[in-house]
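The chain contents come next:
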Amino acid sequence: MSLIEVRSPGLLTTVQDLGREGFGPMGVSSSGAADPLALRIGNRLVGNAESAAGLEMTLLGGTFLFPERAVVALTGADFGATLDDGNVEMWSSVEVQPGQILRLGPTRAGARSYLCARGGIDVKLFLGSASTHLLSGLGGLEGRALRKGDVLRIRAAQGSFRTFRKAKVAGRALEKLLPRKVLRVTAGPQADWFSEETQKAFYAGTYRVAEESNRMGLRLEGAAILTPSAGEMISEGVSLGAVQITASGLPIILFVEQQTTGGYPKIANVISADLSSLGQVRPRDEIRFEQVEMETARALLLEQEKLLTSKELIQE
Amino acid sequence: METSASGGVRFQVASDQSLLVYFDPTEKRSRVSRSAGINVATPLQNQISIEGHEQVRRLLRLLELEPVAGVRNLHPAYSSILIKFDALKLRHEELEEVLRRHITRLKKVALPKPRLVEIPVCYSEEFGPDLKDVAKLHKLALERVIELHRSTTYIVYFLGFVPGFAYLGELPEELATPRLPMPRKSVPPGSVGIAGTQTGVYPISTPGGWRLLGRTPLAMFRPERAEMSLLAIGDRVRFVPISREQFVKLENA
């Protein structure tokens, strides 16, 4: 068994896997990595199952001491990582020697960086998942963000890794996975509550991501959207990436720690293939929306999955 | 967006990996007028109905007993269920077909007899900062507001929003109150609030726009408990007033 000692936690670092599905009837949303593609690829680089738990860092990374030998990978946003004094290559497996310190700084681009370790982070599972749900204080390490002095266990990996073989993501694949600032959406379940003019304005508009955005939702600032005059609708189940228009006319995009139900009309829904991009959007970033047909959304997801499971993704 | 209806059931695509099923016994349809700048839309689900709720419970039960391959999660609400699925395994049309077959069998699905759960509440201005405003809004005495709230047996229509938050209905008409114009940034756990004709208890500290009348010392959601959530869909609930002393005693129990 190997360990990670948290010397400094960074701004907001949590244990995440691919989330816990199936507990919506209790009001428990799935949570999980905000950029699941980055976590999945990170896990592949170190030889884990895609769904193994890793660390999700937000805007400013942490400092971690590895008392034992480990194999790790950093994916997602580039936080300018160093290992002792050397730079660490992103999107690549890296061998860490006993006593070495991995340091991450502020983001250079994107919002979230992922640290995966061979074997995966070992925390007590809550409802079958290691994911932290910050709002409700569930899952992960005691349901909270990491603190200085925390010690995380790394699960023993299957097989030996005595002979370290570097694996890295192919440049061409990486280009295709670059986060988008124009988010593609399909029409939301209440899209026809909004007039054509209002919808046009929504798609033509540029929105700024508000400071108080978090894993629960991204609040947007910009030209207010005319809300339907019918008043409040009754609560219904809401999906990940739903763009709801609040009474003030400003959109909120529901994110991984979303509420499971809500009473605001949804004009649009971010397509599944662009949810990882949503995880890399920072406060004050400007985003726009582009509507696509359902078939396109499905095709883009299939294409993304194909790339992710392809042999060309990772070079050894 | 793609919509289809038949026999009081309506399907609505919500996203590329989710489908909404509405049970709409009153057959109310969205009426959209595109002549005005803003659409005049009649919300489809503008009425909470027990029939719709029971259909939701039956379908939920059936989907739990006979899970559909590719379905990942269910988000029930008053008279609808959002079904999240894996688009790599299922298409909206395929899921709809399976659900239509399920729905023809709903009548045969037995629902357990509802439990009656009593929730002690300390109604006070200390714990219910909106008590006074609600009374003023309806031109009622404080005591009358409390009396109205406590004297109703509520149905747990569903759990949603956050873990363990039960949507209870319906409030007596006289007490129906709109949400706060600006939601609070943080509502203390145990707070008992009202919004529209709904009432509910905040299980954890969250932002919230419901008007607060009091607080319960009971834990609504506890992950270490076998039954994590104090309330389950279909339960009946009554609020029992307690004093501040009793509140403190129960809180420390």
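Residues numbered from 1 in each chain as written. Chains lettered and ligands numbered in written order. Predicted model: local features only at pLDDT ≥ 70, side-chain atom pairs only at ≥ 80, totals over all residues.

Quick word on unusual backbone geometry
Most of the time, phi is negative for any residue but glycine, and the peptide bond is trans.
Thinking step 1. The omega torsion across Gly169(B) and Glu170(B) is -15 degrees, close enough to zero to call that bond cis.
Thinking step 2. Of note, Asp84(A) is a non-glycine position whose phi angle comes to about 50 degrees, a positive value.
Thinking step 3. The residue Asp84(A) is located in the loop between strand 6 (82-83) and strand 7 (86-87) in this model. (Helix = DSSP H or I, 4+ residues; strand = E, 2+ residues; numbered from the N terminus.)

Side note on the domain arrangement of chain B
Residues and elements named next belong to chain B.
Thinking step 1. Here chain B is described as being made up of domain 1 (3-108) and domain 2 (116-252).
Thinking step 2. On the side of domain 2, nine residues touch domain 1, which itself brings seven residues to the contact.
Thinking step 3. Counted by class, the side of domain 1 that touches domain 2 contains four nonpolar, two polar and one charged residues. (Domains from an automatic or database assignment. Contact = placed C-beta atoms within 7 Å. Nonpolar A, V, L, I, M, F, W, Y, C, P; charged D, E, K, R; others polar.)

Description of the interface of chain A and chain B
Thinking step 1. In this complex, chain A contributes 49 residues to the contact, which on the side of chain B involves 50 residues.
Thinking step 2. Breaking the side of chain A that touches chain B down by element, the ones donating at least two residues are strand 14 (182-187), helix 3 (196-204), strand 17 (236-237) and helix 5 (294-309) of chain A.
Thinking step 3. Here the element with the most residues in the side of chain A that touches chain B is helix 5 of chain A; it accounts for six residues.
Thinking step 4. In the side of chain A that touches chain B, the residues fall into 23 nonpolar, 18 polar and eight charged.

Concerning the sheet that holds strand 3 (residues 54-58) of chain A
Residues and elements named next belong to chain A.
Thinking step 1. Taken in spatial order, the five strands line up as 2-3-10-5-8 in an open sheet, and their pairing is antiparallel. Looking at which strands have only one partner, the edges of the open sheet turn out to be strand 2 (13-16) and strand 8 (93-96). Strand-to-strand twist of the sheet, defined as the mean angle between neighbouring strand axes without regard to direction, takes the value 30 degrees.
Thinking step 2. Inspection of the sheet shows strand 5 (residues 70-78) paired to strand 10 (residues 109-117) by six bridges, in the antiparallel sense. The partner of Leu74 across the bridge, within strand 10, is Leu115.
Thinking step 3. Packed onto the sheet, helix 1 (residues 36-45) meets strand 2, strand 3, strand 5, strand 8 and strand 10 and runs at close to 35 degrees relative to strand 10. (Pairing = 2+ DSSP bridges. Axes fitted to C-alpha atoms, helices over the stretch in contact; angles between N-to-C directions.)

Remarks on the sheet that holds strand 7 of chain A
All names here are of chain A.
Thinking step 1. The seven strands are arranged 7-6-9-4-1-12-11 in an open sheet whose pairing can be described as antiparallel. The sheet is open, and its two borders are formed by strand 7 and strand 11 (121-122), each paired with just one other strand.
Thinking step 2. Inspection of the sheet shows strand 1 (residues 2-8) paired to strand 4 (residues 63-66) by three bridges, in the antiparallel sense. By the bridge assignment, Val6 is partnered in strand 4 with Phe64.

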